[in-house]
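# Observations on the three-dimensional arrangement
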Amino acid sequence: MLQKEHDVLIVGSGHAGGMAAKTLTEKGISCLILEAGPEMDYQRDRTTKAVHELPYRGFNKPGRLPHVIQANEFNANQWVDEHEVPYTHPADAWANWVRVRLVGGRSHFWARQSFRLSDYEFKAAEIDGAGVNWPIGLTDVAPYYSRVEAIFKVSGRKEGWPQFPDGDFVETNYPSDSGTIKKFTEVCNQRGIGVSKMRAAQGQNGLASSINLLLPDALATGKLDIVSNAIVRELRVDKNTGKVNGAYFVDRHSRREMEVKAKVVVLAAGSLESTRLLLNSGLANSSGLVGRYLMDQIYGVSVVASVPEARDGKAPAGLMGGTALVPRFRNLKKDEKHNFIKGYCLNISSGGSASPHFFATFGEELEQKLESYAGSCVTGSIYGERLSRYENHVRINKDVADAWGIPVIHMEYRNSQNELDLAKDAADTIEELFRGCGWEILSKTDRCFPPGRSIHEMGTCRMGDDPKTSVLNRWNQSHDIKNLFVVDAAGFVTCGWQNPTMTILALSMRASEHLAEQIRQSAV
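Let me sum up the structure you'll find in this document. (Residues numbered from 1 in each chain as written. Predicted model: local features only at pLDDT ≥ 70, side-chain atom pairs only at ≥ 80, totals over all residues. Heavy atoms only, no water.)

This next bit is on the overall build of the protein chain. Of regular secondary structure, the protein chain possesses 12 helices and 17 strands. For a compact globule of 524 residues, the expected C-alpha radius of gyration is about 24 Å, and the protein chain comes in at 24 Å, within 12% of that figure. For the protein chain, the C-alpha atoms occupy an extent of roughly 75 × 60 × 45 Å along the three principal directions. Split into buried and exposed, the 524 residues of the protein chain put 58% on the buried side. Excluding contacts between residues fewer than 6 apart, the proportion of contacts in the protein chain whose partners are at least 24 apart in sequence is 71%. (Helix = DSSP H or I, 4+ residues; strand = E, 2+ residues; numbered from the N terminus. Rg over C-alpha atoms; globule rule 2.2 N^0.38 Å. Buried < 20%, exposed > 50% of the residue type's maximum accessible area, 1.4 Å probe, protein only. Contact = heavy atoms within 4.5 Å.)

Turning to the packing of helix 1 (residues 15-25) against helix 12 (residues 501-520), a few remarks are in order. Closest axis-to-axis distance for the helix 1/helix 12 pair is 8 Å, and the angle between their directions is 35 degrees. Crossing hand, helix 1 versus helix 12: right-handed. The residues of helix 12 that touch helix 1, namely those facing His-15, Ala-16, Met-19, Ala-20, Thr-23 and Leu-24, are Thr-501, Ile-504, Leu-505, Ser-508, Met-509, Ser-512, Glu-513, Leu-515 and Ala-516. Split by residue class, the contact of helix 1 with helix 12 holds nine nonpolar, five polar and one charged. (Axes fitted to C-alpha atoms, helices over the stretch in contact; angles between N-to-C directions. Left-handed = near helix turned anticlockwise from the far one by under 90°. Nonpolar A, V, L, I, M, F, W, Y, C, P; charged D, E, K, R; others polar.)

Attention now goes to the environment of Arg-462. Tracing the chain through its elements places Arg-462 in the loop between strand 16 (440-445) and strand 17 (484-486). Among the residues examined, Arg-462 registers a relative accessible area of 8% and is labelled buried. Taking C-alpha positions, Arg-462 is 8.1 Å from Leu-289, a pair spaced 173 residues apart along the chain. Setting aside its immediate chain neighbours within four residues, Arg-462 contacts Val-132, Tyr-293, Ser-388, Thr-469, Ser-470, Val-471, Leu-472, Ala-490, Gly-491, Phe-492 and Val-493.

Time to look at the packing of aromatic side chains. Applying the stated criterion to the full structure yields 15 aromatic pairs. Taking the centre distance of 5.9 Å and the plane angle of 80 degrees together, the rings of Trp-110 and Phe-152 count as edge-to-face. With a gap of 42 residues between them, Trp-110 in the loop between helix 2 (42-45) and helix 3 (119-122) and Phe-152 in helix 5 (residues 138-152) connect regions that are remote in the sequence. The same class applies to Trp-110 and to Phe-152, which are both buried. Ring-pair connections join several aromatic residues into one group, and the members of that group are Phe-115, Trp-161, Phe-164 and Trp-497. Arg-199 extends its terminal NZ or CZ atom over the ring of Phe-164, reaching a point 3.6 Å from the ring centre. Taking NZ or CZ as reference, Arg-386 lies 6.0 Å from the ring centre of Tyr-413, over its face. (Phe/Tyr/Trp six-rings, centres within 6.5 Å; stacked < 30°, edge-to-face > 60°. Lys NZ or Arg CZ within 6 Å of the ring centre and 35° of its normal.)

Taken as a whole, this structure holds 32 salt bridges when the rule is applied. Put simply, Glu-273 and Arg-101 hold a salt bridge, and the shortest N to O gap is 3.0 Å. With Glu-273 in helix 9 (residues 271-281) and Arg-101 in the loop between helix 2 and helix 3, the pair connects residues that are 172 residues apart, well separated along the chain. Each member of the pair, Glu-273 as well as Arg-101, carries the same accessibility label: buried. Between Lys-197 and Asp-177 there is a salt bridge, with its nearest N and O atoms 2.7 Å apart. In this pair, Lys-197 sits in the loop between helix 6 (179-190) and strand 4 (200-201) while Asp-177 sits in the loop between strand 3 (154-155) and helix 6, placing the two residues 20 residues apart along the sequence. With relative accessibility at 27%, the residue Asp-177 sits in the partly exposed group. Salt bridges sharing common partners tie together Lys-424, Asp-428, Glu-431, Arg-435 and Lys-444. (Salt bridge = Lys/Arg side-chain N within 4 Å of Asp/Glu carboxyl O.)

Next up on the list: unusual backbone geometry. The phi angle at Arg-57 is positive, at roughly 55 degrees, despite the residue not being glycine. Here Arg-57 is to be found in the loop between helix 2 and helix 3. Taking the relative accessible area as the measure of exposure, Arg-57 reaches 47% and is therefore partly exposed. The phi dihedral of Asn-205 falls on the positive side, at around 55 degrees, and the residue is not glycine. By secondary structure assignment, the location of Asn-205 is in the loop between strand 4 and helix 7 (210-213). The exposure class assigned to Asn-205 is exposed, which follows from its relative accessible area of 78%.

Cysteine pairs can be linked by a disulfide, which is a covalent bond between their two sulfur atoms. Going through the model one piece at a time under the given rule, you end up with zero disulfides. With no disulfide of its own, Cys-377 lies 14 Å from the sulfur of Cys-437, the closest cysteine sulfur. No disulfide involves Cys-461; its nearest neighbouring cysteine sulfur is the one of Cys-495, lying 16 Å away. (Disulfide = S-S within 2.5 Å.)

Counting 93 residues, the largest nonpolar core has Ile-10, Phe-152, Leu-235, Leu-278 and Met-411 as the members making the most contacts within it. Considering each element in turn, this core owes the most residues, nine residues, to helix 12. Among residues more than four places away in sequence, those in contact with Leu-278 are Leu-235, Leu-267, Leu-283, Ala-284, Val-290, Cys-461, Leu-484 and Val-486. Core analysis: the next-biggest nonpolar cluster, separate from the first, contains 34 residues, Ile-181, Ala-324, Val-326 and Leu-422 among them. (Core = buried A, V, L, I, M, F, W, Y, C linked by side-chain atoms within 4.5 Å.)

For the rest of this paragraph, the subject is a negative patch on the surface. A surface patch of like charges, here negative, comprises Asp-312, Glu-364, Glu-367 and Glu-371. Judged by relative accessible area, which is 57%, Glu-367 ranks as exposed. (Patch = residues over 30% accessible without salt bridge, like charges linked within 9 Å, V, L, I, M, F, W, Y side chains within 5 Å. Areas by Shrake-Rupley, 256 points an atom, 1.4 Å probe, with all protein chains shown as cover. Lys, Arg positive; Asp, Glu negative; His and termini not counted. Charge placed at Lys NZ, Arg CZ, Asp CG, Glu CD.)

Moving on to the side chain of Ser-178. Along the polypeptide, Ser-178 turns up in the loop between strand 3 and helix 6. Apart from the residues lying within four places of it in its own chain, the contact partners of Ser-178 are Gly-318, Leu-319, Met-320, Gly-321 and Ser-350.

Relative to the assigned elements, Pro-175 resides in the loop between strand 3 and helix 6. Counting along the chain gives 147 residues from Pro-175 to Gly-322, while the straight-line C-alpha distance between them is 8.4 Å.

Running from amino to carboxyl end, helix 6 crosses helix 11 (residues 417-436) at an angle of 115 degrees, the nearest separation of the two axes being 9 Å. One finds that helix 6 runs roughly perpendicular with respect to helix 11. As helix 6 packs across helix 11, the resulting crossing turns out to be right-handed. Between helix 6 and helix 11, the residues in contact are Lys-183, Phe-184, Val-187 and Cys-188 and Leu-433, Phe-434 and Gly-436, respectively. Classifying every residue of the contact of helix 6 with helix 11 gives five nonpolar, one polar and one charged. (Parallel < 35°, antiparallel > 145°, perpendicular 65-115°, else oblique.)

See the structure below:
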């Protein structure tokens, strides 16, 4: 057993855990992070190999990571091995769960899209009449968003739109729009649709991760210890008080069982890992909702068009290139009538080439087509919101264990008709906008990817004011066990269309400051 007792045990070291560690240690609170993976050294751990040196010529070994489309032979070791840590799902409900076990977690690979949620998400039930509201609103979280944006140096263009809250952005100099982006913006504006730009974290030295923006500050206080390769199996509970007082974990390499003590436990392992730990520990579930209301975002809808005047290499200078972001524009009013609720954003990219499967031909004719359409394409895709539904859940599968003997989760996750209708509306809308620009439609897909493909799993320990209908209170604190906090996206009530990272960071900071004050008052 690790003999030193810390004030706070944090499980997970990604954005949520890193922010908790930074916030707490800077207030003088001693913390221990348990991380299931190793510390990564970019200089030591990376190497360059030619494709012909790899057994599968750069493609991943068949069957090794069937749920991780991002994996190939160059990067396969950065993802959790699904044979070591499997999960189960019904044959007719394929679901992706993409995991990273490294110090810093998935923050190493964050795409940096940096959005605030709006009250269209926090107070969604007032707009669409479905589900429940968060117990907090934008005004509660806005000060923390601002502080997070300063740490991560978020760039963006202010618009003043309530569904797309402005942030405290660093100075941003976007290049002039190309002709295609200008045309697309004109067509959207004619339809009352606003067009903006991506908002993104600039970070520092090419990285916007827990390992360079959060953990170094926490370590510098002298108040943080990190134990890597520590796979947490179960939380410890004081039988006299019912409070958590640490955790049991397994060393990843030696398989040795160990334990640590702490006065408070903060779970930050990612929504499903934190939920798996709670379910395996049998804790914090008087509501019966741990694992319920699993959500992520809709990806996969895509429309590709070709700009006629850009074909055959004849595009005039400045016509092609660039991107645009169209924030949510559907269902912003209570009386707006569509056959679905919630909304989506559009991502527009100009200057790509056509794919061979766009054309019903082959051989020399196909080569000519590809050459003619090269560089003439504009692509539209979406991030859409899935509903928070009781039926979508994870539970423990006691018949299957991981390589360390820990029971795995079984995932039941299906699209409702709402997701299918939203996806169809999105594809039809992009097509109509592209045709309005005078462009030729080459490809249209209104099918969304299986759940989990966005790698934005949320919910499963949702927050609320009523302990009977929620797992956490408005401070990410367990209703059942007051010295237990969950600061990753498990606490989300709705998922929105926005990348959740900035909200995870802001809520982790907010919860950690509340926890620090409770520790000061000896209230936990």
